[in-house]
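Observations on the model geometry
Here is how the chains run, residue by residue.
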Amino acid sequence: MPKKIIATASLAGCFGCHMSFLDIDERLLDLIELVEFDKSPFNDLKEFSRACDIGLIEGGCCNDENVHTLINFRQRCRVLVAVGECAIMGGLPSLRNVIPLQECLAEAYLHGPTVAGGATPNVIPHDPDLPKILDRVYPCHEIVKMDYFLPGCPPRADLIWDALVALVTGQELKWPYATFKFD
Amino acid sequence: MDKTIPAVIKKYNGDETRLMDILIDIQAELGYLSDATIARIAKTLNIPQVDVEQTVSFYHFFAREPRGRYTVYLNDSVVAQFHGRAAVVRAFEEAAGCAFGQVSPDGCIGLFDTACIGMSDQEPAALINDVVFTSLTPAWAREIVAGLRAGKTVAELQGDRLGDGQNAHPLVHAMVCNHIRRRGSMVFDDYQPGAALRRVVALSSSEVIAQVKAASVRGRGGAGFPTGMKWEFARKAPGDVKYIFCNADEGEPGTFKDRVILTELPQLVFEGMAIAGYAVGARQGILYIRNEYRYLRAYLEQVLSDMRANNLLGPLIVGQAGFNFEIKIQYGAGAYVCGEESALIESAEGKRGEPRDRPPFPVEKGYLQRPTVVNNVETLCSVVKVILNGPEWYNNLGTAESKGTKVLSVSGDCEWPGIYEVVWGFSVNDILKMVGARDVQAVQVGGPSGACIAPKEFNRILAYEDLATGGSLIIIGRQRDLLPEVVLNFARFFRDESCGSCVPCRALTGMAQIVLEKIIAGRGTPTDLDRLSAWSAIMKRNRCGLGQTALNPIVTTLKNFRGLYDQRIKAGDDRFEPAFDLAAAVRDYDRAVAGT
Ligand SMILES: Cc1cc2nc3c(=O)[nH]c(=O)nc-3n(C[C@H](O)[C@H](O)[C@H](O)COP(=O)(O)O)c2cc1C
Ligand code: SF4
């Protein structure tokens, strides 16, 4: 069986899901027998080099760069998995969704208590090289179709491992519902 | 303010279970329930402030901020939309100088949407400070606003417009019409007031229940539960204190038959409650009636006191030792879910109208934890007729599983909307002919929680064994755009009315609306349709019937009008969400940084 090609990305996340992935510990050695990594922070490959079988997405979309990355993943990956709360529902970053963007930015960069009154006037950062902030944080499935969802904040390593093995080997994931029901 | 609050609370003996009445009365005096008022009520009742707050915040008609000296609650139902609501909205807004959801700058007029107010045969209709205005036109809306601004009272604006029958009774004095188009042999037949009560005392309580069982009376509130069995459970439940509730919440959009029954035959209903009390061993009855029907209150109170004077209520009814039964009236404050029997009980106890977990069922632990029977208005009427005419008579009407008659509320695109009492077993086609409906695209049977059926099913019959219904038929003509004009309205209704206890109900009613809007906007994908179907299965796990049926408008139209969905769906590659618009999503940011 040829190895499956995997790509991963962290969008508006905290890298916690990637860390949880690494928590599969010595099973990384088994994993490497099953898959090869393409674009991913794990190997620091910045660009896709080929079509992939599986894309793992951590985080939702809070800026236009996230959106472009996600769309790029959708184009390149046969199966796309939303990993963790932020990818699935927007997560912690989406707490700002109830506050108008203008107010958020003003609080963060112009008037907030931690904004020091320096010699130059405060500005909201903007530069052609900087991503543009979206009006709200979007869960991934509102932008592209997501095939699977792995819940958790972060999803525990065992779940990530078993889900990957299931995807790679074409088996059904046999986790009882209660093990990833968090409410 | 100083005197109102303690005075009202004293009137209800400081009883916190009367919180609904207390809030309704205080709001009537003070116009709205400010934070200070709420704090004062809590203090006087000696209960936590949040207990008062959560009740206040639950009901649409409790206002936490001023809603204008005159508050217009304009019905927002599908049928109102059919009959020109949009133009009436514009006229009100222009005349008042504010949008719906707001109060005019001079504080005189507040404009608010409200769910169906039970006037679907005379839409657009509105409640203005408890007075019902029906068949509104833009010109009349402007006249009303101008009149109110000029200092006229709402009564003066109603003028001499009076409806038919008891609507013209001096104590009702409403312009509401009954539109009884067909009287059947059960509810709207002649009857001799008091005769059933005289007859019932010749029977033992178990004989009464045996008769109701022999007649196979089934509940008319929608679920069709056997009434005799319900009474028997309550009769056998341990305890000395039991209660009979008449459910007159009638919140299902398109339904208005209970209003007409209570207008024309209130005593029939009250006698039904007394008979239930006799059978079950209850001495207290409570009519739980929606706030929208508060215009009937003086009249209903009068009927009750006349019955007391005639020995048909109170101690020693018809002179029978041990037959004591009293009835009081409990008003709701605007919440569809309060029609669900356990929510209704919670509401009558002064709390948020959240359905209870069952078991225990109300017949074991209901109002104030006592055995309680909840019956629909029409069910109670049928029981009176069973006692008067005997179970065999009743059994000869209707079909195998559906005995007696059904009072239908017919509205929408037809010539003669109104009330039709028919024996069970009429087909939808029969009814459409009867009501003068032509060019029908669909019929919504049983309100939003029921089914939207297509012409190929119009030969189905109204009966528990086929199309079970609480009795509302909304006729949808060919000219209507079904998804935006009907299905979306219903989806919004359920989102607004979910009590929020169950996650699927709370979340999916909102998400279903969003997905539906997306589909209507032409940005839906095949995945969206799959998603809606999958959600409907999850919704069956909700605690009460509201959540269990909330996706029915979508599910039944997906089944019967699939083409309307498919033609709006973007076919082909659905890997990229057509609803996401990056340019729009960064617009706020561009604006925020534009000045810097
Ligand atoms: C959301 C919801 C709303 C309801 N509204 C009403 C109502 O307005 N009137 C009514 O009689 N029953 C209503 N019901 C049904 C009641 O829960 C209950 O079954 C009925 O009042 C029992 O009376 P019956 O056996 O005489 O039909 C509603 C149920 C649900 C779930
Ligand atoms: S199903 Fe909906 S309305 Fe019924 S109890 Fe649950 S949340 Fe409340």
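As a reminder, the structure under discussion sits directly above these lines.
A brief structural summary. (Residues numbered from 1 in each chain as written. Chains lettered and ligands numbered in written order. Predicted model: local features only at pLDDT ≥ 70, side-chain atom pairs only at ≥ 80, totals over all residues. Heavy atoms only, no water.)

What follows concerns the site of ligand 2. Residues in contact with ligand 2 amount to 13 residues; listed here are only the nearest, B:Cys499, B:Ser501, B:Cys502, B:Cys505 and B:Cys544. Partitioning the shell around ligand 2 into residue classes produces 7 nonpolar, 5 polar and 1 charged. (Near = heavy atom within 4 Å. Nonpolar A, V, L, I, M, F, W, Y, C, P; charged D, E, K, R; others polar.)

Glancing now at the environment of B:Ser206. Residues and elements named next belong to chain B. The residue serine 206 is located in helix α10 (residues 205-214) in this model. Overall, the relative accessible area of 37% leaves serine 206 in the partly exposed class. Sequence separation between serine 206 and serine 135 is 71 residues, and the spatial gap between their C-alpha atoms is 48 Å. (Helix = DSSP H or I, 4+ residues; strand = E, 2+ residues; numbered from the N terminus. Buried < 20%, exposed > 50% of the residue type's maximum accessible area, 1.4 Å probe, protein only.)

Here we take up the sheet that holds strand β3 (residues 52-58) of chain A. Residues and elements named next belong to chain A. Spatial ordering of the open sheet is given by β2-β1-β3-β5-β7, a layout of 5 strands whose pairing is parallel. Each edge of the open sheet carries a strand with a single partner, namely β2 (35-37) and β7 (148-150). Between one strand axis and the next, the sheet turns through 30 degrees on average, direction left out of account. Summarising the sheet, strand β1 (residues 4-10) and β3 pair through 5 bridges and their orientation is parallel. Pairing of isoleucine 6 across the sheet is with isoleucine 54, part of β3. Across the sheet, helix α2 (residues 27-34) is in contact with β1 and β2; its angle to β2 comes to roughly 95 degrees. (Pairing = 2+ DSSP bridges. Axes fitted to C-alpha atoms, helices over the stretch in contact; angles between N-to-C directions. Contact = heavy atoms within 4.5 Å.)

Among the secondary structure elements, A:Arg74 is positioned in helix α3 (residues 64-76). What makes A:Arg74 buried here is its relative accessible area of 2%. Distance from A:Arg74 to A:His18, taken between C-alpha atoms, is 19 Å for residues 56 residues apart in sequence. Once residues lying within four places of it in the same chain are set aside, the contact partners of A:Arg74 are A:Val79, A:Leu80, A:Val144, A:Lys145, A:Met146, A:Asp147, B:Arg575 and B:Phe576. Engagement of the side chain of A:Arg74 in a polar contact is seen with the backbone oxygen of A:Lys145, the distance being 2.5 Å. (Polar contact = N/O pair within 3.5 Å; in protein donor to acceptor, adjacent residues only side chain to side chain.)

Remember, this is a structural readout, not a statement about activity or role.
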